[in-house]
Amino acid sequence: MPAHLDPRAPLVLDTRELPRSPGAMREVRRSAQAPGDLGVELISVPAGAELALDLRLQSVSEGVLVSGSVTAPVEGECGRCLRPISDTVVVDLAELYAYPDSTTAETTDEEEVSRLEGDLLDLEPALRDAVVLALPTNPVCRADCPGLCSECGVHWDDLPDDHSHEAVDPRWAALGKIKASEE
């Protein structure tokens, strides 16, 4: 059994004011602080950042359907050039929170369907899944980012168009020395 939900937690919603008759609806627009570790290796939502929740809670026969969107700032670094990235991500949510006494308890596994705890629901797992799946695993600062020169590590945008590194095969190095001495 999971720990009891704290009604004051930023991503815990109270459904007490939502009638349990199918079709009843309540809109929720609020901001909440982002939990920690919300992202992937190169890009994430900073812990404590402000999330904008624009949700609709709707009573259905088996529970409460939460749908809507969450807008969150993201920060990270470009996977090509390592420059910082700051952006915003908007993710859609659609999650059913089953009533404790609904038939879903008999027809589904415990982990398959989110459940209400009394009148409270925890939005964090659904939010975490939606945000992490929406983030790119290899973010770029811009679509045409050329990255870094593999030889010197300087950003290609900062190098002249004719930039190159002369790579001499060590087997031919002796001939290069002869050529240099003739010049």
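Residues numbered from 1 in each chain as written. Predicted model: local features only at pLDDT ≥ 70, side-chain atom pairs only at ≥ 80, totals over all residues. Heavy atoms only, no water.

Draft legend 1. Summary view of the pairing of strand S6 (residues 63-77). Direction of pairing for strand S4 (residues 43-45) relative to S6: antiparallel, over a ladder of two bridges. In the strand pairing of S6, Ile43 is matched with Gly76. Bridge count between strand S5 (residues 50-60) and S6: nine bridges; the pairing is antiparallel. Residue pairing in the sheet places Arg56 in a bridge with Ser67 of S6. (Pairing = 2+ DSSP bridges. Helix = DSSP H or I, 4+ residues; strand = E, 2+ residues; numbered from the N terminus.)

Draft legend 2. Examining the nonpolar core more closely. Among the nonpolar cores identified, the biggest contains 37 residues, and Val45, Leu55 and Leu123 are the most heavily contacted of them. With residues up to four places along the chain from it excluded, the contact list for Val45 reads Ala34, Leu38, Leu51, Ala72, Pro73, Val74 and Val131. (Core = buried A, V, L, I, M, F, W, Y, C linked by side-chain atoms within 4.5 Å. Buried < 20%, exposed > 50% of the residue type's maximum accessible area, 1.4 Å probe, protein only. Contact = heavy atoms within 4.5 Å.)

Draft legend 3. Structural view of the pairing of S5. Side-chain alternation along S5 places Leu51, Leu53, Leu55, Leu57 and Ser59 on a buried face and Glu50, Ala52, Asp54, Arg56, Gln58 and Val60 on a face that remains uncovered. With nine bridges joining them, strand S2 (residues 25-33) and S5 adopt antiparallel strand pairing. If you follow Ala32 over to S5, its bridge partner there is Leu51. Here S5 folds back onto S6 in antiparallel fashion, the turn holding two residues.

Draft legend 4. Geometry of the pattern of salt bridges. Counting across every chain of the model gives nine salt bridges. Note that Arg83 and Asp158 form a salt bridge whose closest N and O atoms lie 3.2 Å from each other. Within this pair, whereas Arg83 is found in the loop between S6 and strand S7 (84-98), its partner Asp158 is found in the loop between helix H2 (124-134) and helix H3 (173-182), the two being separated by 75 residues in sequence. On the basis of relative accessible area, Arg83 is assigned to the partly exposed category, the value being 32%. When salt bridges with common partners are traced through the structure, they connect Glu27, Arg29 and Asp54 into a single cluster. (Salt bridge = Lys/Arg side-chain N within 4 Å of Asp/Glu carboxyl O.)

Draft legend 5. A look at the environment of Ser150. Relative to the helices and strands, Ser150 is located in the loop between H2 and H3. Taking the C-alpha atoms as reference, Ser150 lies 9.7 Å from His165; in sequence the two are 15 residues apart.

Draft legend 6. Structural detail: the environment of Glu77. Turning to its location among the elements, Glu77 is positioned in strand S6. On the accessibility criterion, Glu77 (33% relative accessible area) is partly exposed. Beyond its immediate sequence surroundings of up to four residues, Glu77 is in contact with Leu42, Leu82, Arg83, Pro84, Ile85 and Pro139.

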